[in-house]
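Geometric and topological summary
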Amino acid sequence: MSGERRSGVGVSPGTAAGPVVQVAPPVKAPADEPAPADAEAAAESVRGALSAVGEDLDARAAAADEHAQPILKATAMIARDKGLAKAAAKQVAAGKGPATAIAAAVDEFAAQFEALGGYFAERVTDLRDVGSRAIAHVLGVPTPGVPELSGPSVIVALDLAPAETAALDRSHVVAIVTEHGGRTSHTAILAAQMGIPAVVQLPDATGIPAGTTVAVDGDAGHVVLDPDTRLLEIQRARREKLAAALDELHGPGRTADGHAVALLANIGGVDDAVAAGAADLEGVGLFRTEFMYLSAATLPSVEDQADVYRQVLAPFPGRRVVIRTLDAGADKPLAFADLGEEENPALGRRGLRLCQARPELLDSQLEAIALAAKDTGAEVKVMAPMVATTDEAEWFATRVRAAGLPSAGVMIEVPAAALRAHHVLSHVDFGSLGTNDLAQYTMAADRGEGELASLLDPWQPAVLQVIEAACKGGHSSDRPVGVCGESAGDPFLALVLTGLGVASLSMAPSKVPAVRFALSRHTLAECRSLASAALDAPTAERARQLVKAGAKNEVTDLL
Ligand code: PEP
Ligand code: MG
C-alpha cells in the first residue's frame, strides 16, 4: 500500500498530509433484530448504552471549545434523560430487541419534541444523534459521526452532510476526502469555504485504515497512501513557490491590459464574513443565507436575523455584499421551509419558488436585511435563487424595492433564465450565474451524484454556450452579469468567463489569489480568444486542454 496513489476529483485547492480519521456513518437498528431472550439483560444493555453515550459526550464537552461545549453538554443531558431510558425499557418489555427499542423510543420523543416546537423542536437532531450513538453501542459497532480530534487529521468519509462539514473542528482538520460526493455538492463548497484541501469520489476511501498517513492534493484530486518523504518535500516546495508567486499580487482583479473583473467572496455565515472581510478581495458576491439554518427548526425573528446580517456586513464598509435570499430545498433541506415530500425535489418548489409559496419567509429576510443595511456602510444587494422567468424576476424585484432595499438581482442558474437573460434582467439590477445548478440543469445530471462528475463539468461546451447566452443578454440589457458558481474559482475557466464578458467572479476566498494571478497575465483579447476556443471544442476535456495550451506558460506551470 505504501506510496499507492488513488485518483478522485479535487474540489478544494491545496495540498496537505496527515493521519486518516474515518467518520463512521449513522447506525440504524437492524430490521431483523430478534426479540430478546432475556428481557432484563436487554433492558440493562439499553440503560448502559444511553449512560455510556452520556459519559462520552460529557468527556468531549470537557475538551471542546466554547462554541461546541454547550451543544455537547445539552446532548449529553438528552442521553441521560430518565424518560428516554424508561421509554426504551418499555419497548424492550414489549418484546423489542435493544437497538429497535432505542430507535422506537427516540421516534416517540422526537414526535413529542416536534409537537412542543421552539427549543424542543431544535433538539430533535441531537436526540437522533443520541439514538444513533446508543444503537451503535448496543450493536458493538463504531460510534457514528466525526470522532473527537486531538491533532492534525485528514477526515475520510463515505460522504459528509453539509451540517457535519460545517461543524468540523477547523483547527485540526487538514484535508477532507470522501468516497461519494460531487464537484458542486454543498460539502465540496463548504470545504473550499473553509480553505481545506478536499478530494471527492476517491475509490474505496472508507477502506483506508484509520491512522494511515495520506498526502492529499486538492488541485489534482490525488491521494497518496503512506507517502515517502520525497513526495511530502515536493508538495511543500510547490506550496512555497505558489505562495511566493501569488503573494506578489494584490488588489482588484484586472486583466493584463487593465480590464476590471471584480474578485469577490462566497460566504455562508458570520465567521466566513469576518475572514473574507480581512482578505484582499472586493466584497461578497454570494452570501448563502440558508447555510446558517441547516440545522435550525425555525427561522429566527426579524431582529435576530438583523443582528446576524449586521455582523456579516460590518467587515465590508464601502464594499459590496450580495445577500442571496433563502435557497431552501433539494440538497439543502431546511426544516422550517419544507413544503412536504416531492417526487423530484431538484425540479420542485425550491429556491424562489418556495418563497413564492411562503412569502413570509422572504419578507422577514428582506425586512431584517433592510434593518441591518441602515447600520453599516456596506453596499448591500439582494438576489433571488432559482429564477426561471421574467415574471419571477419582476415579482422578486418588487418585493425587494418595497422593503426599501436599493439593488435587486437574480441568479441565472436555470437555462431558461440564461436564454432569456435580456428580458429577465430588464426587471432587476444585475445577474449572477450559478454555474453549479446551471450545469446540473443544462446537462440533466444531479449535482450531488458524484458518478456523473464528467457531465457536471462546467467546461462542457453546452454549459459554456448557455453562459455565453446569459452574458449576451446582460450586455444587451446593460446589466452586469457575474459568476458565483464553483467554476469562478478555476483559474483557467475564469479566463474563459472573462472572455465571455462576465463582470465579476465570486468564489471561496482561498481560490482568489490563483484567479487574480491568471487574470493578470492575460489581456481581455486573449481571454476572448481562449473563450472562443473553448466554445468551439467538441468536448469538455478538449475545451480544458485547448485553454491550458493557449494560456501563458507561467500560469500553466504554476497552477
Ligand atoms: C450555483 O448553483 O452555482 C450557486 C452558486 O448556488 P448553490 O451552489 O448554492 O446552489
Ligand atoms: Mg444554485
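Rules of the game
Residues numbered from 1 in each chain as written. Chains lettered and ligands numbered in written order. Predicted model: local features only at pLDDT ≥ 70, side-chain atom pairs only at ≥ 80, totals over all residues. Heavy atoms only, no water. Domains from an automatic or database assignment. Helix = DSSP H or I, 4+ residues; strand = E, 2+ residues; numbered from the N terminus. Buried < 20%, exposed > 50% of the residue type's maximum accessible area, 1.4 Å probe, protein only. Phe/Tyr/Trp six-rings, centres within 6.5 Å; stacked < 30°, edge-to-face > 60°. Expected span 1.5 Å × (residues − 1). Arc of directions from axis to C-beta. Donors = N, O, S within 2.8 Å, 3.2 Å for Na, K, Ca; no water. Salt bridge = Lys/Arg side-chain N within 4 Å of Asp/Glu carboxyl O. Axes fitted to C-alpha atoms, helices over the stretch in contact; angles between N-to-C directions. Left-handed = near helix turned anticlockwise from the far one by under 90°. Contact = heavy atoms within 4.5 Å. Nonpolar A, V, L, I, M, F, W, Y, C, P; charged D, E, K, R; others polar. Core = buried A, V, L, I, M, F, W, Y, C linked by side-chain atoms within 4.5 Å. Pairing = 2+ DSSP bridges. Near = heavy atom within 4 Å. Polar contact = N/O pair within 3.5 Å; in protein donor to acceptor, adjacent residues only side chain to side chain.

Splitting the protein chain by domain gives domain 1 (5-24 + 145-243), domain 2 (39-139) and domain 3 (249-556). Its C-alpha centre places domain 2 at a distance of 41 Å from the equivalent point of domain 3.

Attention shifts here to unusual backbone geometry. Positive phi, normally seen in glycine, also occurs at Ala-444, with a value near 50°. Its place among the elements puts Ala-444 in the loop between helix H17 (435-443) and helix H18 (461-476). The class for Ala-444 is exposed, based on a relative accessible area of 71%. Backbone geometry places Asp-478, a non-glycine residue, at a positive phi of 60°. Looking at where Asp-478 falls in the secondary structure, it is placed in the loop between H18 and strand E15 (481-483). The exposure class assigned to Asp-478 is exposed, which follows from its relative accessible area of 66%.

Before going further, it helps to examine the packing of aromatic side chains. Enumeration over the complete set of coordinates arrives at three aromatic pairs. Measuring from centroid to centroid gives 6.0 Å for Tyr-293 and Phe-336, while their planes differ by 75°, and the two rings are edge-to-face. Here the residue Tyr-293 occupies a position in the loop between strand E10 (283-288) and helix H11 (302-313), and Phe-336 occupies one in the loop between strand E11 (320-324) and helix H12 (352-357), the gap between them amounting to 43 residues. Of the two residues, Tyr-293 and Phe-336, neither departs from the other in class, the shared state being buried.

Along its 19 residues, helix H9 (residues 229-247) runs 27 Å from first to last C-alpha, staying within 8% of the 27 Å computed at 1.5 Å per residue. Along H9, the residues classified as buried are Gln-235, Ala-245 and Leu-246. The buried side chains of H9 occupy one side of the element, clustering within an arc of 95° when seen end-on. Turned more than 90 degrees from where H9 packs its buried face, Thr-229, Arg-230, Lys-241 and Asp-247 sit exposed.

Take the coordination of the magnesium ion (ligand 2) next. Donor atoms from the polypeptide that bind the magnesium ion (ligand 2) are Glu-413 (OE) and Asp-437 (OD), placed at 2.0 to 2.1 Å. Here Glu-413, found in the loop between strand E13 (408-412) and helix H15 (415-419), pairs with Asp-437, found in helix H17; they are 24 residues apart in sequence, far enough to count as distant. Residue class for Glu-413 comes out buried when judged on its relative accessible area of 2%.

All told, the structure shown has 33 salt bridges when counted by the stated rule. Between Asp-437 and Arg-350 there is a salt bridge; the shortest N-O distance is 3.4 Å. Of this pair, Asp-437 sits in helix H17 while Arg-350 sits in the loop between E11 and H12, and the two are 87 residues apart along the sequence. Considered together, Asp-437 and Arg-350 belong to a single accessibility category, that of buried residues. Note that Glu-379 and Lys-381 form a salt bridge whose closest N and O atoms lie 3.5 Å from each other. Among the residues examined, Glu-379 registers a relative accessible area of 41% and is labelled partly exposed. The buried category is assigned to Lys-381, whose relative accessible area is 17%. Each of Glu-290, Arg-324, Asp-327, Arg-350, Asp-437 and Arg-447 takes part in one network of salt bridges that share partners.

This part is about the packing of H18 against helix H19 (residues 491-500). Viewed as axis vectors pointing N to C, H18 and H19 meet at an angle of 40°, and their least axial separation amounts to 9 Å. Relative to H19, H18 is oriented so that their crossing is right-handed. Together, Leu-464, Ile-467, Glu-468 and Cys-471 of H18 and Leu-493, Val-496, Leu-497 and Leu-500 of H19 make up the contact between the two elements. Among the residues making up the contact of H18 with H19, the classes are represented as seven nonpolar, no polar and one charged.

On to the nonpolar core, then. By size, the foremost hydrophobic cluster in this structure holds 90 residues, and its most contacted members are Leu-405, Leu-433, Ile-467, Val-496 and Leu-505. Once residues within four sequence positions are removed from consideration, Leu-405 is found in contact with Leu-366, Ile-369, Ala-370, Ala-373, Val-380, Val-382 and Val-400. Counting 32 residues, the second-largest nonpolar core is a separate cluster that includes Ala-61, Ile-78, Phe-109 and Ile-135.

With that out of the way, let us pick up the environment of Val-483. One can find Val-483 in strand E15. Residue class for Val-483 comes out buried when judged on its relative accessible area of 1%. Expressed as a C-alpha distance, the spacing of Val-483 and Leu-286, which sit 197 residues apart in the sequence, is 9.4 Å. Once you skip the residues sitting within four places of it in the chain, Val-483 turns out to touch Ser-432, Leu-433, Thr-435, Ala-488, Leu-497, Val-502, Ser-504, Leu-505 and Ser-506.

Strands sit in the order E1-E8-E7-E3-E4-E5-E6-E2 across an open sheet of eight strands; the sheet is mixed. Lying at the two open borders of the sheet, with one neighbouring strand each, are strand E1 (5-7) and strand E2 (9-12). Across the sheet, the mean angle separating the axes of adjacent strands is 30° when strand polarity is ignored. Pairing analysis gives four bridges linking strand E7 (residues 213-217) to strand E8 (residues 222-225), with the strands arranged antiparallel. Bridging across to E8, Val-214 finds its partner in Leu-225.

In the vicinity of ligand 1, 16 residues are found, and the nearest of them are Arg-288, Arg-324, Gly-434, Asn-436 and Arg-447. Residue Asp-437 places a main-chain N or O atom 3.0 Å away from an oxygen atom belonging to ligand 1. Within the residue set of the shell around ligand 1, elements represented by two or more residues are helix H8 (186-193), E10 and H17. Among the elements that line the shell around ligand 1, the one with the most residues is H17, at three residues. Class assignment of the residues belonging to the shell around ligand 1 gives a composition of four nonpolar, five polar and seven charged.

Our focus in this paragraph is the pairing of strand E16 (residues 504-507). Side chains Ser-504 and Ser-506 project from E16 onto one buried face, and the interleaved Leu-505 and Met-507 project onto a second face that is buried too. Examined bridge by bridge, strand E9 (residues 262-267) and E16 share four bridges and lie parallel to one another. Bridging across to E16, Leu-263 finds its partner in Leu-505.

This brings us to the environment of Leu-190. Its place among the elements puts Leu-190 in helix H8. What makes Leu-190 buried here is its relative accessible area of 8%.

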